[in-house]
Amino acid sequence: MGAWPLDPRGPVAAQIAFVYWILFACAVVVLAIVTGALVYSGVKFRERPGHVAKQFHGHNMLEFTWTIVPTLMVISFTVLSWQKLDYINAVDRDAGMTVKAIGQQWSWTFAYPQQDTFRLPDGSYLMAGEELNIPAGMKVKVELSAKDVIHSFWVPNLGGKKDAVPGHTTALWIQADRPGTYRGQCFEFCGDGHADMLITVVAHDQNEYAKWAKTAVDDAARLRDPKTQAGREAFLTGACAGCHTVKGTTAAAKVGPELTHVASKKDIAGVLSPVNQENLTKWVRNAPSIKPGIVMPKFEGVLTDQQINDIVQWLLTLK
Ligand code: CUA
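The structure displayed is predicted, hence computed values, not measured ones. (Residues numbered from 1 in each chain as written. Predicted model: local features only at pLDDT ≥ 70, side-chain atom pairs only at ≥ 80, totals over all residues. Heavy atoms only, no water.)

Trainee: So what's going on with the overall build of the protein chain? Residues and values would help.
Mentor: Helix and strand counts for the protein chain stand at 7 helices and 10 strands. Over its C-alpha atoms the protein chain spans a radius of gyration of 29 Å, topping by over 25% the 20 Å that the globule rule assigns to 319 residues. Considering the protein chain as a whole, with its 319 residues, one finds that 35% of them fall into the buried category. Considering only intrachain contacts with a sequence separation of at least 6, the fraction spanning at least 24 residues in the protein chain is 58%. Of the roughly 18700 Å² of accessible surface on the protein chain, 59% is carried by carbon and sulfur atoms. Looking at charge distribution, the protein chain has the averaged site of its 31 positive side-chain charges lying 5 Å from that of its 29 negative ones. (Helix = DSSP H or I, 4+ residues; strand = E, 2+ residues; numbered from the N terminus. Rg over C-alpha atoms; globule rule 2.2 N^0.38 Å. Buried < 20%, exposed > 50% of the residue type's maximum accessible area, 1.4 Å probe, protein only. Contact = heavy atoms within 4.5 Å. Areas by Shrake-Rupley, 256 points an atom, 1.4 Å probe, with all protein chains shown as cover. Lys, Arg positive; Asp, Glu negative; His and termini not counted. Charge placed at Lys NZ, Arg CZ, Asp CG, Glu CD.)

Trainee: Hey, could you go over the side chain of His-204 for me, with residue numbers and the actual values?
Mentor: Looking at where His-204 falls in the secondary structure, it is placed in strand β10 (residues 198–204). Residue classification places His-204 among the buried positions, given a relative accessible area of 17%.

Trainee: Go over the environment of Thr-67, please, and point to the residues and values.
Mentor: In this structure, Thr-67 sits in helix α2 (residues 60–89). Taking the C-alpha atoms as reference points, Thr-67 and Gln-206, 139 residues apart in sequence, are found 52 Å from one another.

Trainee: Give me the pattern of salt bridges: which residues, what numbers.
Mentor: Inspection of the entire model under this criterion finds 9 salt bridges. Between Lys-100 and Glu-143 there is a salt bridge, and its shortest N-O distance comes to 4.0 Å. Placement of the pair is Lys-100 in strand β1 (residues 97–104) and Glu-143 in strand β5 (residues 140–146), with a sequence separation of 43 residues. Given the relative accessible area of 44%, Lys-100 is considered partly exposed. The residue Lys-214 makes a salt bridge to Asp-218 at a minimum N-O spacing of 3.0 Å. (Salt bridge = Lys/Arg side-chain N within 4 Å of Asp/Glu carboxyl O.)

Trainee: Give me the lowdown on the sheet that holds β5, citing residues and values where you can.
Mentor: Hydrogen bonds between backbone groups are what pair the strands of a sheet, and the pairing can be parallel or antiparallel. Across the sheet, which stays open at both edges, the 5 strands sit in the order β3-β2-β1-β5-β8 with mixed pairing between neighbours. With one partner strand each, in any of the chains shown, β3 (127–129) and β8 (170–174) form the two edges of the open sheet. Across the sheet, the mean angle separating the axes of adjacent strands is 30° when strand polarity is ignored. Note that β1 and β5 share 7 bridges and pair parallel. Bridge pairing links Ala-101 to Leu-144 in β5. (Pairing = 2+ DSSP bridges. Axes fitted to C-alpha atoms, helices over the stretch in contact; angles between N-to-C directions.)

Trainee: Lay out the environment of Ala-230 in plain terms, naming residues and giving numbers.
Mentor: In this fold, Ala-230 is placed in helix α4 (residues 229–237). Owing to a relative accessible area of 44%, Ala-230 belongs among the partly exposed residues under this scheme. Distance from Ala-230 to Ser-76, taken between C-alpha atoms, is 64 Å for residues 154 residues apart in sequence.

Trainee: Explain the pairing of strand β7 (residues 161–164) to me, and be specific about the residues and the numbers.
Mentor: Strand direction decides the pairing type here: strand β6 (residues 151–154) and β7, joined by 4 bridges, are antiparallel. Note that in β7 the partner of Ser-152 across the bridge is Asp-163. Connecting the antiparallel pair β6 and β7 is a turn made up of 6 residues.

Trainee: Pulling in residues and values, what's your account of the nonpolar core?
Mentor: Counting residues in each nonpolar core, the largest one holds 36 residues, and the members touching the most others are Trp-108, Phe-110, Tyr-112, Leu-132, Val-142, Phe-153 and Val-201. With 6 residues, helix α3 (residues 206–222) is the single largest residue contributor to this core. Look past the residues within four positions of Val-201 in its chain and what remains in contact with it is Leu-132, Ile-134, Val-155, Leu-158, Ile-174, Gly-180, Thr-181 and Tyr-182. Membership of the second largest hydrophobic core comes to 25 residues, among which are Phe-235, Ala-251, Val-284 and Leu-318. (Core = buried A, V, L, I, M, F, W, Y, C linked by side-chain atoms within 4.5 Å.)

Trainee: Give me the lowdown on the sheet that holds strand β9 (residues 180–185), citing residues and values where you can.
Mentor: Overall, mixed pairing links the 3 strands, which are arranged β4-β10-β9 in an open sheet. At either end of the open sheet lies a strand with only one pairing partner, and these are β4 (131–135) and β9. Recorded for the sheet is a direction-independent mean angle of 25° between the axes of neighbouring strands. Pairing between β4 and β10: 5 bridges, direction parallel. Each residue of the ladder has a partner; that of Pro-135, found in β10, is His-204.

Trainee: Residue-level account of the packing of helix α1 (residues 11–44) against α2, with values.
Mentor: A pair of packed helices can be characterised by two numbers: the angle between their axes and the separation between those axes. The geometry of α1 relative to α2 is characterised by a closest axis approach of 10 Å and an angle of 170° between their N-to-C directions. Overall, the two elements α1 and α2 adopt an arrangement that is roughly antiparallel. Listed contacts from α2 to Pro-11, Val-12, Gln-15, Ile-16, Phe-18, Val-19, Ile-22, Leu-23, Cys-26 and Val-30 of α1 are Met-73, Phe-77, Leu-80, Ser-81, Lys-84, Tyr-87 and Ile-88. Its residues assigned to classes, the contact of α1 with α2 shows 14 nonpolar, 2 polar and 1 charged. (Parallel < 35°, antiparallel > 145°, perpendicular 65-115°, else oblique. Nonpolar A, V, L, I, M, F, W, Y, C, P; charged D, E, K, R; others polar.)

Dropping the structure here:
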């Protein structure tokens, strides 16, 4: 099953599902009793030839029952919910790690803790979009904030939902019992792209989490390397970012192919091989002359030779 709260894969979702099923079972029983009584009375006491509809009023025992039973049920649900909410809202109790999730139209950015594991060579700490990576079996506190409008963080298999509000910090906690990928969705209408504001939580085996962190830190460091800054900026602020995605950067368009690992590919668009400086330069200068009819325009004359060279140098680091 996909993203679905009744398929709990962590303690918070399990508690919510537990309350849900109790409420659901009680609701089914009440529905059956009320409908049953209605049908039974309608048939048994109805008016028919030679038979006057029975009129009665104020049956004390019945009135007492249908007042006291629902009252007890509502009180029980309240106590049960309070008890579960106490557990769900205890975000700090035994939390193994705190991650910040920042919502912005229409994606989430995750800032990892200021610990050596997440430290980049320039002294900053790992921040990444797309996926939230956590160790399985660990309680992770997620601090929520928003840069523009209200968003809402919800990964149904792992936990409840909470709003991310501009100028205010809220928090919830999630825990994945096993390694895996869990999908979520922004749950507060936040504009045109709301439906696409997805959340992916990847839970790693605890022993492999450090390995993931190392790779993520290396990738992030590469995307900030001062040596390739010129090309990166030309790419991200120019036409390239209007069509392509490079994960970890602001380039997230889906018109052209994703270039996150372009330097590790066998060929360029299936027509130029290998992926090296010479071929990438040819391609960026004039793709339509190599693959006629392609959407990618010619950049020769649009960008300077220096800019094209800078961009190619940067693309070559995207392994
Ligand atoms: Cu963000 Cu809906």
